[in-house]
There are 2 protein chains.
Amino acid sequence: MPALYILSAAAKKKPDAHQDPLTPNELIQVQTLIKISHQNVSFHYVGLDEPKKPEVLSWLSNHQLNNRIPHRLAFVIARIDSKTHEIFVDLSDNLVVSDKVYNGHGYPLLTFEEQTAANELPLTYAPFIASVEKRGLKLSEVICSSFTIGWYGGKRTKRVLKVMCYYIDGAVNFYMRPIEGITATVDLDEMNITGYHDRLMVPVPKADGTDYRESTQDPPFDTRLKGMTVFQPDGPSFTIDGHSVRWANWEFHLAFDMRAGPVISLASIYDPEKDERRRVMYRGYLSELFVPYMDLTEEWYYRTFLDAGEFGIGLCANPLKPLRDCPENAVFMDGYFTMQDGKPAKISKVFCLFERYAGDILWRHTEPALPGDTITEVRQETSLVVRMVSTVGNYDYIIDWEFKQTGTIKVTIGLSGLLAIKGSVYTHKDQIREEIYGTLLAENTLGVHHDHFLSFHLDLDVDGDANSFIKTNLEPVHVNKKDIPRKSYWRAVNQMAKTESDAKIKLGLGASEFLVVNPNKKTKVGNYIGYRLIPGSVSSPLLSEDDFEQIRGGFTKYNLWVTPYNKSEKWAGGLIVDQGHGDDTLAIWSSRNRKIENKDIVLWYTLGFHHVPHQEDFPVMPTLSGGFELRPANFFEHNPVLKVKVPKQVKWPNCTK
Amino acid sequence: MPALYILSAAAKKKPDAHQDPLTPNELIQVQTLIKISHQNVSFHYVGLDEPKKPEVLSWLSNHQLNNRIPHRLAFVIARIDSKTHEIFVDLSDNLVVSDKVYNGHGYPLLTFEEQTAANELPLTYAPFIASVEKRGLKLSEVICSSFTIGWYGGKRTKRVLKVMCYYIDGAVNFYMRPIEGITATVDLDEMNITGYHDRLMVPVPKADGTDYRESTQDPPFDTRLKGMTVFQPDGPSFTIDGHSVRWANWEFHLAFDMRAGPVISLASIYDPEKDERRRVMYRGYLSELFVPYMDLTEEWYYRTFLDAGEFGIGLCANPLKPLRDCPENAVFMDGYFTMQDGKPAKISKVFCLFERYAGDILWRHTEPALPGDTITEVRQETSLVVRMVSTVGNYDYIIDWEFKQTGTIKVTIGLSGLLAIKGSVYTHKDQIREEIYGTLLAENTLGVHHDHFLSFHLDLDVDGDANSFIKTNLEPVHVNKKDIPRKSYWRAVNQMAKTESDAKIKLGLGASEFLVVNPNKKTKVGNYIGYRLIPGSVSSPLLSEDDFEQIRGGFTKYNLWVTPYNKSEKWAGGLIVDQGHGDDTLAIWSSRNRKIENKDIVLWYTLGFHHVPHQEDFPVMPTLSGGFELRPANFFEHNPVLKVKVPKQVKWPNCTK
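Residues numbered from 1 in each chain as written. Chains lettered and ligands numbered in written order. Predicted model: local features only at pLDDT ≥ 70, side-chain atom pairs only at ≥ 80, totals over all residues. Heavy atoms only, no water.

(A) Structural view of the state of the cysteines. All names here are of chain A. What the rule picks out here adds up to four disulfides over all chains. In this model, Cys 326 is linked to Cys 352 through a disulfide, with the two sulfur atoms separated by 2.2 Å. Handedness of the Cys 326-Cys 352 disulfide follows from its S-S torsion of about -95 degrees: it is left-handed. A residue pair is termed long-range when its members are at least 10 positions apart, and Cys 326 in the loop between α6 (307–310) and β18 (331–338) and Cys 352 in strand β19 (residues 344–356) qualify at 26 residues. Just as Cys 326 is buried, Cys 352 falls in that class too. In chain A, the bonded cysteines, taken in the order they occur along the sequence, pair up as 1-2, 3-4. (Disulfide = S-S within 2.5 Å. Helix = DSSP H or I, 4+ residues; strand = E, 2+ residues; numbered from the N terminus. Buried < 20%, exposed > 50% of the residue type's maximum accessible area, 1.4 Å probe, protein only.)

(B) Summary view of the interface of chain A and chain B. The interface of chain A with chain B comprises 171 residues on the first partner and 171 residues on the second. With both chains or domains summed, chain A and chain B bury close to 16100 Å², and 57% of this area falls on carbon and sulfur atoms. The shortest N-O distance in the salt bridge between Asp546(B) and Lys487(A) comes to 3.8 Å. Viewed at the interface, chain B and chain A are joined by 94 residue pairs in polar contact (both at pLDDT 80 or more). (Contact = heavy atoms within 4.5 Å. Buried area = accessible area lost by both parts, 1.4 Å probe. Salt bridge = Lys/Arg side-chain N within 4 Å of Asp/Glu carboxyl O. Polar contact = N/O pair within 3.5 Å; in protein donor to acceptor, adjacent residues only side chain to side chain.)

(C) Region of interest: the packing of aromatic side chains. Summed over the entire model, instances satisfying the criterion amount to 62 aromatic pairs over all chains. An aromatic cluster is defined as three or more aromatic residues linked by ring pairs; in this entry it consists of Phe147(A), Tyr293(A), Trp300(A), Phe305(A) and Phe311(A). The ring of Phe635(A) is capped by Arg278(A), whose NZ or CZ atom sits 3.8 Å from the centre of that ring. Seen from the ring of Phe221(B), Lys645(A) lies directly overhead, with NZ or CZ sitting 4.1 Å from the centre. (Phe/Tyr/Trp six-rings, centres within 6.5 Å; stacked < 30°, edge-to-face > 60°. Lys NZ or Arg CZ within 6 Å of the ring centre and 35° of its normal.)

(D) Focus on the sheet that holds strand β4 (residues 73–80) of chain B. Residue and element names in this part refer to chain B. A sheet is described by the order of its strands in space; here four strands give the open sequence β2-β4-β5-β6, paired in antiparallel fashion. Pairing within the sheet leaves two strands with one partner each, and these edge strands are β2 (41–49) and β6 (95–102). Here the strands of the sheet are splayed against their neighbours by 20 degrees on average, with no regard to which way each runs. Here strand β5 (residues 83–90) pairs with β6 via seven bridges, running antiparallel. Bridging from a neighbouring strand, Thr 84 pairs with Tyr 102 of β6. Relative to the sheet, helix α2 (residues 24–37) contacts β2, β4, β5 and β6, its axis offset from that of β2 by approximately 130 degrees. (Pairing = 2+ DSSP bridges. Axes fitted to C-alpha atoms, helices over the stretch in contact; angles between N-to-C directions.)

(E) Geometry of the pairing of strand β7 (residues 142–147) of chain A. Residues and elements named next belong to chain A. The buried fraction of β7 is high, at six of six residues. Where β7 meets strand β8 (residues 160–167), six bridges bridge the pair, whose relative direction is antiparallel. Its bridge partner being in β8, Cys 144 is matched across the sheet by Cys 165.

By themselves these figures say nothing about function.
Below you can see the structure in the form of structure tokens.
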């Protein structure tokens, strides 16, 4: 039975307010309520408990008629007396509705506070101090960093981290200066070092010229370009009302989550022909990020991270730097997360929104063949970008959700930041006679081979929530008919997926298109109304299926999966992933092979990068981008931007600089 | 023996002047010289005969020392007395150096003049007039268009076209209103109709709402966005000196060719560390464009076009529309081609060049872990775009060559314009019981399935002309060792191609990287200096290998080919392609399996699109883009933009709109 309460004035104005992330006050409310029944609580995740979809849909369809709105609940993962709790708090009724101890494998998101504490431990740990002295290094110049350890077949494990240290000694770019050969294991509940091994000595890379700060650069410099800016004298064409964003024909809700980062909800597009707002995506977000390194040595083998579930894509988000991370015409939004003690903390400017005009062409045609003058009709492409940047240790992930007037949603992930560098005895490739698991980038400096797999949860509701998934195969046909000079062509054959196994797809094999359609709605001429996924990468994992990290990252086995909507199936790598056994992943859920035809379905796409480092990636990586598009496919009766009005031309201001 | 002459003052200033396209005066000089020995000449191609590469390289290496430059020669393909001539004209010595009759299969580029003449023929041809009347259409509203007929196994064929007609009747978008069922064959030498077949009657689509002109649109309109412009108060950061372009660390030569369109030559990048200008690409251009349709009916089967060789990508280029095709900060260049009578004609604004700042991030990192303040360093991405748009009948191809400060060259092809529409008896999908070879887009309107394959000639000279091609395979390795918890990883294995067959690559199978390296030069730590191709598409043809159009488009069999440089191997589909037999294509040249290791090599990449039309593509297509990147890979010792200077910040002008 849906829990409902009287709609606030705010919610009346914003029918999508029930999707808003928890406010600072609500976070304090959560802290207060939980502290009533528990002394020492360590908060590892606090976020909005996604409202029940049926309630939301019924509310949206008739909130004009009544004024009741789904309850707001918070979901909490906390550590209490060395146990993991899953707690639900009803913010409307101001009470804890459930509090369960989690007895499964694995541990929750790490907090900053415990990572910081763990990083301090080696600096007062005698054996480590000895190791530092043995290497002739100054302890005062050592800085340490924490790494999750994955799972390698053990039964119950304690909640531990491995701590690796680096040698600053004036170098800002300490990731380029690993102190190799040492592994320190920290028990997070005890917060002490429970394992220590100094296996071998490797020179600390000099890391000359790796300081990336503008202020400290010496000549020679690259050519300096002249100034350039985007000028919008009348301001932006989008409006932000709380978390509701409106731009062109689009309307969507943008929320910040400490695990997923940006969450796009209730994306709909206004169709002028039908004079109605049509649903496209109920919810879309980055569900998990799998980053396995390809080095089997004692200090590296375990580096097979699930960044969202272990470190938090949102938690690692940065305040965006105006004019640098986002252009001058950007508008910023703040985000809030919970600190270990339950207090709310703010990330200023965690999102930016801006209109992008890159000089691209929306559509065009030149027609010289008609009597009279040549016709040339061109429309410029302007889009709306929502950006967040998350820095998970050394790596920087630039996450762009881009909305286009055509109805396309384009997601682009930019990889920048610093490589995970391994110290090496080698100073030249010719010396190398063994497997080094990477590229020699500079003296004593290895860039280790690794992958990035990003799994996107795409709950499309194409013109309604009952959808189907279609794989359109382009099949070669051989013909042998006297009256036909051609011997071959290809035809498009639609396969509608009936169960989950029909929609497990490895890309790169054969020519296909992938559509989510509404099988209950057709265009005037009878095509299914749909959206098409245009994948940007066909990369698949190269690890053995039975390898432990690949079991945890099992969602990468296929580039595409389709599941029936299930409120509890949010995280492709599982809810509790640190040291988890991969028993709560997309691959497991999907093995039930449930029906997915004409149902509320979720499309999961995994974007993959294999990274063989090159010297250009050192000491900081030029952005490498990849992504995908969701493009309307027979969703509209015809080109939806045929009648787009050309924006008023802005004359270059003729005034003093 | 290299022919040389005294360097003009201009050439002294611009050492790459020998790459300049023919000037109007030079085109007249060509016409005059050829007309001396021939009465009736029809000029089908006139362009610069690419100077001999060894001469160019020696000239570039020591033009400071002497003042001699390679001769300028023109290459001409002409029709004289119903024969195809290949003529070389020495512009320096002002004489025809060779004039050979071409006796092979096929015919040259079509001229506008003969297409126009052919299009007029049906309108005075009694059987066609009867066909029009039979359909109850007004002859005055009929417009016709020419189509090359391909080759379907015949021996010697005459030089013919097929003409298809459309019904305007007030409709600007006549491609949406085909008069189906009629095939008229035109002999171009006789310029009369030699074949005619009215096979069946199909309703002409109403094509309601297909007028794409802004001036004629009726409400409802899409939301109008507010004005936005790029503002560069100090002007652009690039300089154009004749055809030499300089921007940031880049320098290259940009020429217009009536067949290829934009030709990028002598692209080099300045390396501040080495304080030297380093060669990257000797020449790059779109070599051929294969567009086979997938309809086997009498009126459509032969539509398997080779746009560059049959219609001319450059010849079909449009004057770019300021503020629409290119942003406000764009600078334009003109281009010249030869008309059928040999007179020069100008395409104004055939190229635009502009700096793109799309709000993207060149590189970034946030470092919170250091003592003191958090470091956030971000550099914005600005690039230089060179654009041309070619409209081959109904289709518009947007061709962008983009140069980045990182050393990356990115090529993007945008597909827009109008679909090739086929008339149909069907008004709803439910009526269809047969193969219709396409998608029903509107009443009586089919969008026919087709492909676009674009083959790029990429003569990379990575730090010199002796290069090798390396395929780096990411190979899964299974391990089974007690002391290693991991069971698998992947390693990077380099395969250096020795002969052409080693470098014939179908993409999409397995994980690999593709590099052109200079095997004679290494970085300080011993990596080969190289450039990496990052393909944007893995599409391959689905036609039978023994099918005639696939023989002509044989260069599409592999996505990648590498050939030893050969001045005569310019056009992937052959030099003379209209009705050709595919006996002079990349596939044939490459079958010799020549040595390509440590040689001057050319990389050929084919970018493919399979196009299943959707209703959004009707009546004009929102741009669909694809492309590839050439990215430095151990070309630089480290990130070449580490020290890039942030452009002076432009304050938004505070002045009256």
